[in-house]
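Chain by chain, the residues:
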Amino acid sequence: MKLERYRSLLICMLLVAILGIASCSSDKPGVLNVGGNFTLTDQDGMPFQLSSQRGKTVLIFFGYTSCPDVCPTTMSKIASVYRALGPDASRLKTLFISVDTQRDTPPVLKEYLANFKGVDAIGLTGSVAQINKVTALLGAEYQITPISGAKPPEETYSVAHTTEVYALDPEGRTRLIFDYDATVADMTKGVREIL
Amino acid sequence: MRTRKLELRFVRPLCKLSLATFLACLSGAYAQAPGVVVKNAWTRPPLPPQNNIAVFMTIDNPGPTARSVVSVSAPDADKAELHKVEMEGNMMKMTPIKTLPLPPNGSVELKPGSFHIMCFGVKKPLKPGDTTSMVLTLDDGKKVPVEVTVRAAQDRSGGDSFMGSHGSPMSGDRP
């Protein structure tokens, strides 16, 4: 009799544990210890604050418009994420922050981002000090190195930059960081978790 | 007159024999040292306002001798350069390289995130389906013409083109 009572208790505890694990797995990814509000200039030349995007899930990518490879590839993946999200894509905003403050003026950013159909993107630029502040906030890196002997139309300096995409929840907290090899499916799944 | 006919009777077969021997030698030489071959050359359209393209391809060197690409010329661009993309710490960096080594009996793939040919100042509009040409110069002075097909810009996992509905399917840049 006692044994049966214990068995029932054990089964109940097991069920509670299973339910607990199941509910935990559906939780949002944890808040990462990077990020914070920042001010830059948007593609229309207007001041931009990250806090203006509260209520939207935000993807942040650091790049530059002359980038022939990594940036178009990442932006095209983001375009695919928008398509995969369907109607939920209206709750996703993408911030393309240029680390090439010399060449990527607001009009250049605006024209460049218009290439990526379906992506609700804002191009952002600013002074070197402002860009450095934002990269430091998120733990991103970039480096501008002059190329000796190069003359236009060649690139006279090279731009190195981190390739991660930062995903912020609607409260502006960084929840996920996608690396360069993240697939569209990985990114879509992650974004859905924090929409 | 008779002598001339006799001469012709011997000379013609000799000529044919010589020509056949010459051709056989040529084909033999080709079989011993096959040349560098370029396959599947492609690019994406420029993204305005930028006017640059990265060109990707597979370069086979089936011969026993190591070769290298020492320069590239592209008539449809102001300038063409050999480039590589590599990780530097946590950053991805693109830098020009002077030569592209082609190992013997080997193949080098120029692909996104790796080696590519960078064309600056593209002079003509390029849309999916168009072609543009370039010439690779090897270290032995040989020139290899390349026809590059313009493909629709697309993500690496095989999604649709982000350039709208004018693109054609592209598979070359899938991982």
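Since this is a predicted model, take the numbers as computed values, not measurements.

Draft legend 1. Structural detail: the interface of chain B and chain A. On the chain A side, the residues contacting the 34 residues of chain B number 36 residues. Interface of chain B and chain A: buried area, both sides summed, is about 2,900 Å²; carbon and sulfur atoms make up 60% of it. The interface formed by chain B and chain A contains zero salt bridges. On the surface where chain B and chain A come into contact, there are six residue pairs in polar contact (both at pLDDT 80 or more). Counting residues per element, the ones that place at least two in the side of chain B that touches chain A are strand 4 (77-88), strand 5 (91-96) and strand 8 (115-122) of chain B.

Draft legend 2. How the structure looks around the environment of Arg175 of chain A. Residues and elements named next belong to chain A. Locating Arg175 in the fold gives a position in strand 9 (residues 174-178). Judged by its relative accessible area of 10%, Arg175 is buried. When the C-alpha atoms of Arg175 and Gln143 are compared, they prove to be 26 Å apart, with 32 residues separating the residues in sequence. Sequence-distant contacts of Arg175, that is, excluding residues within four places in its chain, are made with Lys28, Pro29, Gly30, Val31, Leu32, Ala167, Leu168, Asp169 and Ile194. Polar side-chain contacts of Arg175 include one of 2.6 Å to the backbone oxygen of Pro29.

Draft legend 3. Molecular detail of helix 4 (residues 128-138) of chain A. All names here are of chain A. Within helix 4, burial applies to Ile131, Val134, Thr135 and Leu138. All buried residues of helix 4 fall inside an arc of 95° around its axis, so they share one side. Residues of helix 4 that are exposed and point over 90 degrees away from its buried face: Ala129, Lys133 and Ala136. Looking one or two places after helix 4, you find Gly139, whose phi comes out positive at around 75°.

Draft legend 4. Spatial organisation of the environment of Pro48 of chain B. Within the element layout of this structure, Pro48 of chain B appears in the loop between strand 1 (37-43) and strand 2 (53-61). Contact partners of Pro48 of chain B, with chain neighbours within four places excluded, come to Glu111, Tyr112 and Asn115 of chain A.

Draft legend 5. A look at unusual backbone geometry. Residues and elements named next belong to chain B. At the junction of Pro48 and Pro49, the peptide bond is cis and its omega measures out at 5° in the coordinates. Counting through the fold element by element, Pro49 comes out in the loop between strand 1 and strand 2. Although it is not a glycine, Asn40 adopts a positive phi angle of roughly 50°. Of note, Asn40 is situated in strand 1. Overall, the relative accessible area of 55% leaves Asn40 in the exposed class. Not every positive phi belongs to a glycine, and Asn105 is a case in point at roughly 50°. Counting through the fold element by element, Asn105 comes out in the loop between strand 6 (100-102) and strand 7 (106-110). The class for Asn105 is exposed, based on a relative accessible area of 57%.

Draft legend 6. Just the packing of helix 2 (residues 70-85) of chain A against helix 5 (residues 184-194) of chain A, in detail. Residues and elements named next belong to chain A. One way to put it is that helix 2 packs onto helix 5 with a least axis distance of 9 Å and a crossing angle of 55°. As far as their axial angle goes, helix 5 and helix 2 are oblique. As for the relative orientation of helix 2 and helix 5, their crossing is right-handed in sense. On helix 5, the residues that touch Lys77, Ile78, Ser80, Val81, Ala84 and Leu85 of helix 2 are Val184, Met187, Thr188, Val191 and Arg192. Here the contact of helix 2 with helix 5 is composed, by residue class, of seven nonpolar, two polar and two charged.

Draft legend 7. Molecular detail of the pairing of strand 3 (residues 67-73) of chain B. In this structure, strand 3 of chain B lies alongside strand 6 of chain B, joined through three bridges in antiparallel fashion. Within strand 6 of chain B, the position partnered with Val69 of chain B by the bridge is Leu100 of chain B.

Draft legend 8. Region of the structure containing the confidence of the model for chain B. Residues and elements named next belong to chain B. Of the residues in chain B, 69% have a pLDDT of 70 or more, and the chain-wide mean is 78. pLDDT under 50 marks residues 23-32. Its contacts with residues more than four places away, or in other chains, come to two contacts. Note that pLDDT drops below 50 for residues 155-175; the model gives that stretch 57 contacts with residues more than four away or on any other chain. Scored as a complex, the prediction yields pTM 0.76 and ipTM 0.76.

Draft legend 9. Main features of the environment of Lys77 of chain A. Along the chain, Lys77 of chain A falls in helix 2. In sequence terms Lys77 of chain A and Lys93 of chain A are 16 residues apart; their C-alpha atoms lie 14 Å from each other.

Draft legend 10. Summary view of helix 3 (residues 106-113) of chain A. Residues and elements named next belong to chain A. Regarding helix 3, the residues found buried are Pro106, Val108, Leu109, Tyr112 and Leu113. For helix 3, the buried positions fall inside an angular range of 160° around the axis, keeping them on one side. For helix 3, the secondary structure elements touched by its buried residues are strand 1 (39-42), helix 2, strand 4 (92-98) and strand 5 (121-125).

What counts, and at which threshold
- Residues numbered from 1 in each chain as written.
- Chains lettered and ligands numbered in written order.
- Predicted model: local features only at pLDDT ≥ 70, side-chain atom pairs only at ≥ 80, totals over all residues.
- Heavy atoms only, no water.
- Contact = heavy atoms within 4.5 Å.
- Buried area = accessible area lost by both parts, 1.4 Å probe.
- Salt bridge = Lys/Arg side-chain N within 4 Å of Asp/Glu carboxyl O.
- Polar contact = N/O pair within 3.5 Å; in protein donor to acceptor, adjacent residues only side chain to side chain.
- Helix = DSSP H or I, 4+ residues; strand = E, 2+ residues; numbered from the N terminus.
- Buried < 20%, exposed > 50% of the residue type's maximum accessible area, 1.4 Å probe, protein only.
- Arc of directions from axis to C-beta.
- Axes fitted to C-alpha atoms, helices over the stretch in contact; angles between N-to-C directions.
- Parallel < 35°, antiparallel > 145°, perpendicular 65-115°, else oblique.
- Left-handed = near helix turned anticlockwise from the far one by under 90°.
- Nonpolar A, V, L, I, M, F, W, Y, C, P; charged D, E, K, R; others polar.
- Pairing = 2+ DSSP bridges.
- pLDDT = per-residue confidence, 0-100.

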